[in-house]
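Each chain, written out:
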Amino acid sequence: MQPLCDPAQDRVVKQVPLPPHRPLDNDLMFPAKNQGKPDWKLIKEHLEREGRIAKKEVIKLVTMANKIFKNEGGLIHLSDPLTVVGDIHGQFYDFLKILDVGGNPEAQKYVFLGDYVDRGPFSIEVLILLYSLKINYPRTIYMLRGNHECRQLTSFFNFMDECKYKYDQELYDIFMDSFDNLPLACIINNQFIALHGGISPELRNVTDVNLVERFREPPKNGLFCDILWADPVDNDDGICEGQFRINEVRGCSYFYGMEAVSRFLERNKLISVIRAHEAQLEGYKMHRWDGGQDFPMVITIFSAPNYCDVYNNKGAVIKFKNNDLNIQQYNYSQHPYLLPNFMDIFTWSIPFVAEKVTEVLFHIIQPRDGEAMDEIVDEDDIAKFKELVGDQQHKNKDVFLKSKIKFVFRMMQIQKGLRQQSESLVQTKGACPDNRIPKTLLDSIKDSNGAFQTAKMADSINEKRPGLSQ
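Residues numbered from 1 in each chain as written. Predicted model: local features only at pLDDT ≥ 70, side-chain atom pairs only at ≥ 80, totals over all residues. Heavy atoms only, no water.

- If you look the protein chain up in an unreviewed UniProt entry, it shows as Serine/threonine-protein phosphatase from Paramecium primaurelia.
- The UniProt entry for the protein chain carries the following text under Sequence similarities (unreviewed entry): "Belongs to the PPP phosphatase family. PP-2B subfamily."
- UniProt, in the comment section headed Cofactor (unreviewed entry), describes the protein chain in these words: "Fe(3+)". (UniProt positions renumbered as here; feature names shortened; annotations may be inferred.)

## Structural notes on helix α5 (residues 123–136)
Since the α-helix turns once every 3.6 residues, residues separated by three or four places project in the same direction.
Argument step 1. The end-to-end C-alpha distance of α5, which contains 14 residues, comes to 20 Å, matching closely the 20 Å that a straight helix rising 1.5 Å per residue would cover.
Argument step 2. Judged by how many residues are buried, α5 sits mostly within the fold: 14 of 14 residues are covered. (Helix = DSSP H or I, 4+ residues; strand = E, 2+ residues; numbered from the N terminus. Expected span 1.5 Å × (residues − 1). Buried < 20%, exposed > 50% of the residue type's maximum accessible area, 1.4 Å probe, protein only.)

## Some details on helix α3 (residues 55–70)
Argument step 1. Compared with an ideal rise of 1.5 Å per residue, which puts 16 residues at 22 Å, α3 spans 22 Å between its outermost C-alpha atoms and is within 8% of the ideal.
Argument step 2. By the burial criterion, the buried members of α3 are E57, V58, L61, V62, A65, N66, I68 and F69.
Argument step 3. Buried-residue contacts for α3 involve α1 (26–29), α5, β4 (141–143) and α8 (169–179). (Contact = heavy atoms within 4.5 Å.)

## Quick look at the sheet that holds strand β13 (residues 315–321)
Argument step 1. One open sheet holds the 5 strands; their spatial order is β4-β3-β2-β13-β14, and the pairing between them is mixed. Among the strands making up the open sheet, the edge pair consists of β4 and β14 (324–330). Strand-to-strand, the axes of this sheet are offset by a mean angle of 20 degrees, without reference to chain direction.
Argument step 2. Relative to strand β3 (residues 110–112), strand β2 (residues 82–85) is paired through 3 bridges, and the arrangement is parallel. Among the inter-strand pairings, T83 is bridged to a residue of β3, identified as Y110.
Argument step 3. Against the sheet, α5 engages β3 and β4, with an angle of about 130 degrees to β4. (Pairing = 2+ DSSP bridges. Axes fitted to C-alpha atoms, helices over the stretch in contact; angles between N-to-C directions.)

## Some thoughts on the UniProt feature "domain: Serine/threonine specific protein phosphatases" (unreviewed entry) in the protein chain
Argument step 1. UniProt's feature table lists "domain: Serine/threonine specific protein phosphatases" (unreviewed entry) at residues 144–149, given in the numbering used throughout.
Argument step 2. Secondary structure over residues 144–149 splits into 0% helix and 0% strand, and the C-alpha atoms at its two ends are 10 Å apart.

## Re the side chain of D39
Argument step 1. Within the secondary structure, D39 sits in the loop between α1 and α2 (40–48).
Argument step 2. Within the buried set, D39 has no salt-bridge partner at all; the shortest N-O distance to an opposite charge, 4.9 Å, is to K33.
Argument step 3. Residues in contact with D39, not counting those within four places in the same chain, are L28, M29, P31 and N34. (Lys, Arg positive; Asp, Glu negative; His and termini not counted. Salt bridge = Lys/Arg side-chain N within 4 Å of Asp/Glu carboxyl O.)

Dropping the structure here:
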């Protein structure tokens, strides 16, 4: 398809090609040679160029994928060679890197551990490509459910807004119904269990996963909730009081430690728990709680590099081959710039326009050549100006003009400050849901230049499950 033109040559990220001028045609997207399956390579190229897919074609993709998801069990059994992928969070251009690092989907088996949407601005593109791959390779591409694949979080974060911005409420509801069909966990090589969050007091045997009624919105507690929300304890020895303790960081589910994991693995004759759900500086974390053990009991994998364009972390995937496990890391990829929370250009430009209008006014009434204007007007100047404005006779025209100029100069400085503050908000707003921007997040990013631990700590308020009592 012909791309759009760029006559002004003012594209911010020039490494990304110009977008196509219209959505991908149905005949191209579902060519006859593919026997009704989507041409995922063409779709990938089209989306990479910021192309759009028409709503009816997206619905067709979701409908086709749903038939596959529904016929899969809650617990899937897989064998290597296999690539395990953690959170993606709407970072489509990093997802393309994952497919390069993890292996060609035509020949490589994949299992994705959930959290495909929210936080990033390209969640729909991630889903379209993932669903296209799933339809083409239903026995080698597997998608598990993450805690963000639900109505509660996608309405609190930005996926619902993205659907409404790019399509409408109906398509959002269709995606939500599709998420209800996703499997919950998988067993790899009969030695590892992979899921999004972690184990549960109610998970004694791996087959318990198949007893979960998964075709619904995740509940606030219980095994279904824990599979999506639980976390390992964040300490070096893996000590957890009572094996499981309440997860106050998430506001639901549990923390689990070495004793709980050890008993679960021994009971099910497994080696390790592989999970996602938590950002990691290096893209992964080996939870080596037992110093005498060569292999970690828990492995966390996180595949969204520079999470929220703030964390400055690496992404990583796990590659299994011949029963060996290797971690492959990668850095973030450049992506097209979008205003946070899909803000429109008019709202975004108001501070800039106000500043420039004030500058124009100042230059109209500024002093004569050679006359300095370095005084900063204070409250007395403003009061005096207001008093003079009310004086219809303008008896003291020189004082009046001077006060007016000083007043406009001060307004120009105020407008500049407001515009700079607005730009700072715009840069970080996309990292926070529901337009909520904790001041600590702004300050920490400014002071530490996006250091991982500081950003993670400041952003912890957004890791808590919304709408639940604390």
